[in-house]
Amino acid sequence: MYNSKIIGLGHYVPDNVVTNDDLSKMMDTNDAWIQERTGIKERRWAIHGDGDTTATMGVKAAKIAIERAGIDKDDIDFIVFATLSPDMYFPGPGVQVQHALDIKTVGALDIRNQCSGFIYALSVADNFIKTGMYKNVLVIGSELHSHGLDKTTRGRGVTVIFGDGAGAAVLSREEDNSKGILSTHLHSQGEHAEELVLVAPGMGNRWVNDILADKNPEEDESYFPHMNGQFVFKNAVVRFSEVIMEGLEKNNLAVEDIDMLIPHQANLRISQFIQKRFKLNDDQVFNNIQKYGNTTAASIPIALTEAWEEGKIKEGDTVVLAAFGSGFTWGSVIIKW
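Cut-offs and rules
Residues numbered from 1 in each chain as written. Predicted model: local features only at pLDDT ≥ 70, side-chain atom pairs only at ≥ 80, totals over all residues. Heavy atoms only, no water. UniProt positions renumbered as here; feature names shortened; annotations may be inferred. Helix = DSSP H or I, 4+ residues; strand = E, 2+ residues; numbered from the N terminus. Salt bridge = Lys/Arg side-chain N within 4 Å of Asp/Glu carboxyl O. Buried < 20%, exposed > 50% of the residue type's maximum accessible area, 1.4 Å probe, protein only.

Per an unreviewed UniProt entry, the recorded name for the protein is Beta-ketoacyl-[acyl-carrier-protein] synthase III, and the organism is Bizionia myxarmorum. Quoted straight from UniProt, the Subcellular location (unreviewed entry) entry for the protein says "Cytoplasm". On record in UniProt, under Sequence similarities (unreviewed entry), the comment for the protein is "Belongs to the thiolase-like superfamily. FabH family."

Rendered as structure tokens:
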């Protein structure tokens, strides 16, 4: 069996910067309140009608990743696209990317695992390559949250957290099994699904027909995200720790072997908690939530790309990716760069 190796990375974020002070003009909040609870200073929000969508941002990130990989777009054998915010209810954005990049009729798969979506997407791509089915797989995480947030005081607990953006990676076949993705680890706990949820529109409870019939948009919160923040935080710090250790132990590695940990950028306090628990120094953990907020499925590929661009990831490094989010779902990826 082969290993898969990341040979190209790229990211894209909208130009529009929204600071905490900007949010204070929309809702009852302030910079100190937001930074104390999340560590976020600013985020990027796409401007409606400017051309930035989940799919188009994914395409922009993908073009950079493909160019850096040193391959032609037609060398891509398969596309995996992770998002919770597709341009359309169906079809998913994977096929939009295939069309926009003018790639031959390869398969395109959409992943709906929210904050852990890119981890799940990497695992899928990795296993396709491991079995020899595909040689080059394009993996994208992209989110456009800003058009679906409650930008009033009622929604501030969620709205201040999220930003827009996209990241992409090209995975390719690696014959040296000591390099590339060493292992992936995925978990879920659906009993807590409603602790971090967007109910409508959904076939199970409130579909479009119900929303239109009720004609009560101002009081209906079902189509805005809901998050039990404290409960999510408490579970996240436990699951992050568990799944990171699971990956290390699988590969006979110790915490001391971690050269770079890139956690999903959910909350800077979660990342700091994990860093302290594992006794990692600042050079071993990469965070950029301060300037982008939580970009859900895009957060890890954006952070991974920036860490690589800044020279913080070098050949031979042990890189650990980990995420936790809605579902509850969580996972980790262990990489020998």
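Further notes follow.
Asks: Break down unusual backbone geometry for me, citing the residues and quoting the values.
Replies: A cis amide bond links phenylalanine 90 to the next residue, proline 91, at an omega of -5°. Note on placement: proline 91 falls in the loop between β4 (78-82) and α4 (93-100). The residue after glycine 327, namely phenylalanine 328, is reached through a cis peptide bond having omega -20°. Relative to the helices and strands, phenylalanine 328 resides in the loop between β12 (318-325) and β13 (329-336). Within the chain, aspartate 102 stands out as a residue other than glycine whose phi angle is a positive 55°. With respect to the helices and strands, aspartate 102 occurs in the loop between α4 and β5 (107-111). With phi around 55°, lysine 279 is a residue other than glycine that occupies positive phi space.

Asks: An account of the pattern of salt bridges is requested, with residue identities and associated values reported.
Replies: Across all of its chains, the model carries ten salt bridges by this definition. One salt bridge in this structure joins lysine 130 and aspartate 126, with 2.8 Å as the shortest N-O distance. With lysine 130 and aspartate 126 both in helix α5 (residues 117-130) and four residues apart, the pair spans about one turn of that helix. When its relative accessible area of 2% is taken as the criterion, aspartate 126 is described as buried. Put simply, aspartate 150 and arginine 154 hold a salt bridge, and the shortest N to O gap is 2.7 Å. Given the relative accessible area of 38%, arginine 154 is considered partly exposed.

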